[in-house]
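A closer look at the structure
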Amino acid sequence: MRILIVEDSVSLTDALESVLKREKYTVEVVHDGEEGVAYAETGVYDAIIMDVMMPKKNGIDAVREIRKKKIGTPIIMLTALSEDSDKVRGLDCGADDYLTKPFSIPELLARLRAVTRRKGEIIPDDGLSYGGVTLNLMTFTLISGDKSIKLSKKEAEIMKYFFDQPSFVAQRDQLISKVWGFDSEFESNNLEVFISFLRKKLKFLGAPFTILPVRGVGYRLSDNE
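Here's a quick rundown of the structure. On a predicted model such as this, the values are computed, not experimentally measured, just so you know. (Residues numbered from 1 in each chain as written. Predicted model: local features only at pLDDT ≥ 70, side-chain atom pairs only at ≥ 80, totals over all residues. Heavy atoms only, no water.)

Focus on the environment of valine 10
Relative to the elements of secondary structure, valine 10 occurs in helix 1 (residues 10-22). When its relative accessible area of 47% is taken as the criterion, valine 10 is described as partly exposed. For the pair valine 10 and histidine 31, spaced 21 residues apart in sequence, the C-alpha separation works out to 7.8 Å. (Helix = DSSP H or I, 4+ residues; strand = E, 2+ residues; numbered from the N terminus. Buried < 20%, exposed > 50% of the residue type's maximum accessible area, 1.4 Å probe, protein only.)

Below you can see the structure in the form of structure tokens.
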């Protein structure tokens, strides 16, 4: 699971990065609101931890901009402001949760688990569902009615990306970064091989949708014609 931390305190980001990596999260860190918005636009993160008081663009304005761009990534705001009006302002701007500094690490981890559970249509057994098709994330299996088919781990991660944001166009570079990592040397042309396998598996299941290319951009889910 990939987390973006947007916080100008280097000591705090170092501590959070260390804790989250120990919990097996993949972590990216930026130190101002403008960079936070730019990184959030990639759509590759499962959650964002956003400070309020930052240079260039404060957290409130950054979250508003992220939401205006139709990016639904869960956001937890961190701030030293503790008045109820400050919390209401943070939540009203589009944040999913709010933590006042100082906070406990166990509470942050619990809130992080909570907001990521709410992302997408969650069903039992660590699964996601879209268009009558279920993706079981424990067994890497696609299920539709009485039919099921196994996926590779990477195929399951690609389908999770689509199911998390079914109305979005998945850009090739973003999809590769999400599944293979920012520093991966995975070739864009090879992505089509994985997409082709997934199309065939969706067809086998009789799914009412498929994955279509968007010329020069990437891929999207689309109803079968």
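With respect to the nonpolar core
Counting residues in each nonpolar core, the largest one holds 28 residues, and the members touching the most others are Leu142, Ile158, Phe162, Phe163, Leu175, Leu191 and Ile211. Contributions of two or more residues to this core are made by strand 8 (133-136), helix 6 (153-164), helix 7 (172-180), helix 8 (188-205), strand 12 (209-214) and strand 13 (218-223). Excluding residues within four positions of it along the chain, leucine 191 makes contact with Ile158, Arg172, Leu175, Ile176, Trp180, Phe186 and Tyr219. Grouped together as the second largest cluster of nonpolar side chains are 21 residues, Val6, Val30, Tyr45 and Ala62 included. (Core = buried A, V, L, I, M, F, W, Y, C linked by side-chain atoms within 4.5 Å. Contact = heavy atoms within 4.5 Å.)

Notes on the environment of isoleucine 3
Mapped onto the fold, isoleucine 3 is located in strand 1 (residues 2-6). With a relative accessible area of 0%, isoleucine 3 lands in the buried category. Taking C-alpha positions, isoleucine 3 is 5.8 Å from isoleucine 48, a pair spaced 45 residues apart along the chain.

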